[in-house]
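Secondary and tertiary structure notes
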Amino acid sequence: KVLQVQLKFLFKQSHLQCFSALLWPYCLRRCTYCNFNKYIPKENNDPIMIECLQKETEALLQLSQVSHITSVFFGGGTPSLAHPSAIGAVLETVYKQASLSGEAEVTLEVNPTPEGMSKLEDFHRAGVNRFSIGVQSLQDEDLKSLGRDHSSQEALQTIEEARRLCPGRVSVDVMFGRPGQTVKSWEGELSELLAACDHHVSLYQLTLERGTRLFKQVQLGHVTPPAEEATAEMYHRARGTLQQHGFLQYEVSNFAKHNSESRHNLSYWKGRQYIGVGPGAHGRFVPLGEGGVVREARTQTLEPDVWIREVLQRGHGTRRRIRLSHLTLLEEVLVMGMRMTEGINHKHWKLFSPESGLHEIFGASVGVKELQQSGHLLLDDRGLRCSWDGLALLDTILPVLLVELEKQISVNTTQEPLSVS
């Protein structure tokens with residue numbers, strides 16, 4: 001009975017607010033490290049893509065019956081390849097279906113090429129109020145080896161223009177652990193970046209993904225990534241440097257000052273519901289329009305041409321629907337919440353697990369106690385979170401927590417695929 005009451009509460013919350021992620025799947029070329037769902041367009045099909053993004057946005061908003069959108073994020077692919085009118089058209093569709101106030105955060109990922117920079121002002125006029133700049137590196141040779149199509153100077157110019165348009169609301173993405181990179185060169189690069197950047201920095205360790213050109217180059221011995229110890233030291237040094245410059249780390253990879261955290265990404269990490277629109281997009285929401293009371297995981301069709309055909313036929317390109325079991329939902333809340341420096345507080349956990357609190361689930365665990373004794377994990381009156389040192393070891397901490405969660409939570413409903421109509 002307690003669980004049923006809680007689901008109704010979440011039902012009411014989902015009716016009040018949600019956030020949207022929209023994917024533009026096209027790139028001019030594929031970076032050597034990238035295994036994202038992206039495509040090189042053979043012809044300009046922007047008009048039909050815009051029409052379908054609008055159709056799917058409308059269909060999924062109606063299905064969710066959401067009345068208020070808190071943020072919109074245009075990712076990709078390379079959404080800055082789109083015409084600014086495309087962004088405006090999609091936002092207009094959101095306005096018509098749900099409330100999108102002036103306070104809503106509207107972010108666009110930007111590739112810092114001359115073309116991308118030249119369109120920033122028009123994107124801003126179309127409704128974008130936050131830019132995320134894919135700098136990745138300020139070393140031109142590294143940019144070439146990564147397959148990026150911009151230079152370090154173009155990246156710095158794009159940051160400057162974005163800051164002029166959206167002061168305090170510009171984020172930069174940068175990678176570490178790149179082939180040939182040293183701790184010393186990384187520190188110099190980070191100093192140069194901090195001299196130019198705004199109030200938000202995202203640090204990502206380069207991951208070698210199977211099927212990419214970079215993975216093959218490493219396998220063949222053509223390039224050599226830094227040793228694991230060196231990469232760990234790069235992360236450690238970066239955290240300290242950013243802190244010295246007034247940036248607060250609020251998530252494993254994200255740092256902000258002057259309250260410039262990404263509200264959109266915080267919604268992911270706090271387990272809120274969201275709608276994913278576009279080829280390959282993912283969503284998590286309760287389909288109230290179908291009388292649903294349980295959150296579903298939704299995945300849209302990957303291939304743009306097939307996705308377009310499906311959207312034109314039935315209004316959306318949802319390829320897969322899975323009704324999330326209670327355990328699966330808690331696993332997602334745990335994995336995402338532990339990425340934040342604040343971790344998961346007791347009140348937040350109770351929203352999803354009213355019958356079993358954090359102390360009840362993790363308090364008696366031998367593995368959890370060992371992590372507490374080593375100083376890597378904290379479980380106290382504030383909630384469950386990693387220490388400063390523990391956050392750097394999150395990949396080794398999460399398996400311990402997930403095993404304990406599965407032991408303690410009985411699975412009342414199975415995770416089952418649903419038919420798509």
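In what follows, the accompanying structure is described.

Quick notes on the rules
- Residues numbered from 1 in each chain as written.
- Predicted model: local features only at pLDDT ≥ 70, side-chain atom pairs only at ≥ 80, totals over all residues.
- Heavy atoms only, no water.
- Helix = DSSP H or I, 4+ residues; strand = E, 2+ residues; numbered from the N terminus.
- Buried < 20%, exposed > 50% of the residue type's maximum accessible area, 1.4 Å probe, protein only.
- Contact = heavy atoms within 4.5 Å.
- Areas by Shrake-Rupley, 256 points an atom, 1.4 Å probe, with all protein chains shown as cover.
- Axes fitted to C-alpha atoms, helices over the stretch in contact; angles between N-to-C directions.
- Parallel < 35°, antiparallel > 145°, perpendicular 65-115°, else oblique.
- Left-handed = near helix turned anticlockwise from the far one by under 90°.
- Nonpolar A, V, L, I, M, F, W, Y, C, P; charged D, E, K, R; others polar.
- Core = buried A, V, L, I, M, F, W, Y, C linked by side-chain atoms within 4.5 Å.
- Domains from an automatic or database assignment.
- Phe/Tyr/Trp six-rings, centres within 6.5 Å; stacked < 30°, edge-to-face > 60°.
- Salt bridge = Lys/Arg side-chain N within 4 Å of Asp/Glu carboxyl O.

**As for the overall build of the protein chain**
On a plain count of helices and strands, the protein chain comes out with 18 helices and 16 strands. In the protein chain, which comprises 421 residues, the share counted as buried stands at 53%. Taking the contacts inside the protein chain whose residues are at least 6 apart along the sequence as the reference set, 72% of them involve residues at least 24 apart. Surface exposure of the protein chain reaches about 19300 Å², of which carbon and sulfur atoms provide 51%.

**Some remarks on the packing of helix α2 (residues 46–64) against helix α12 (residues 304–314)**
Interaxial distance between α2 and α12 falls to 10 Å at its minimum, and their mutual angle equals 55 degrees. Taken together, α2 and α12 sit at an angle that is classed as oblique. In terms of crossing hand, the pair formed by α2 and α12 is left-handed. Counting all contacts with α2, which are made through I48, M49, E51, C52, L53, K55 and E56, the residues of α12 involved are P304, W307, I308, V311 and L312. Considered class by class, the residues forming the contact of α2 with α12 number nine nonpolar, no polar and three charged.

**Remarks on the nonpolar core**
When a protein is soluble and globular, its nonpolar side chains tend to lie buried together. Residues F131, L203, M338 and F362 are the most contacted members of the largest nonpolar core, which totals 93 residues. Among the elements that take part in this core, α2 stands out by supplying seven residues, more than any other. Viewed by domain, this core spans two of them, domain 1 (1–268) and domain 2 (326–411), each represented by three or more residues. Y250, A256, W269 and M340 belong to the second-largest nonpolar core, a separate cluster that totals five residues.

**Some remarks on the packing of aromatic side chains**
The tally for this structure, following the rule as stated, stands at five aromatic pairs. Members of the aromatic cluster, joined through ring pairs, are F176, W186 and Y235.

**Digging into the pattern of salt bridges**
Within the structure shown, the criterion is met by 20 salt bridges. When the shortest N-O distance is used, the salt bridge between E115 and K119 registers 3.7 Å. Accessibility expressed as a relative area gives 39% for E115, which makes it partly exposed. In this structure K119 comes out as buried when scored by relative accessible area, which is 12%. Two residues, R298 and E296, come together in a salt bridge whose shortest N-O distance is 3.3 Å. For the pair R298 and E296, a shared accessibility class is recorded, and that class is buried. A single network of salt bridges, built from pairs that share partners, joins E121, D122, R125, E161 and R164.

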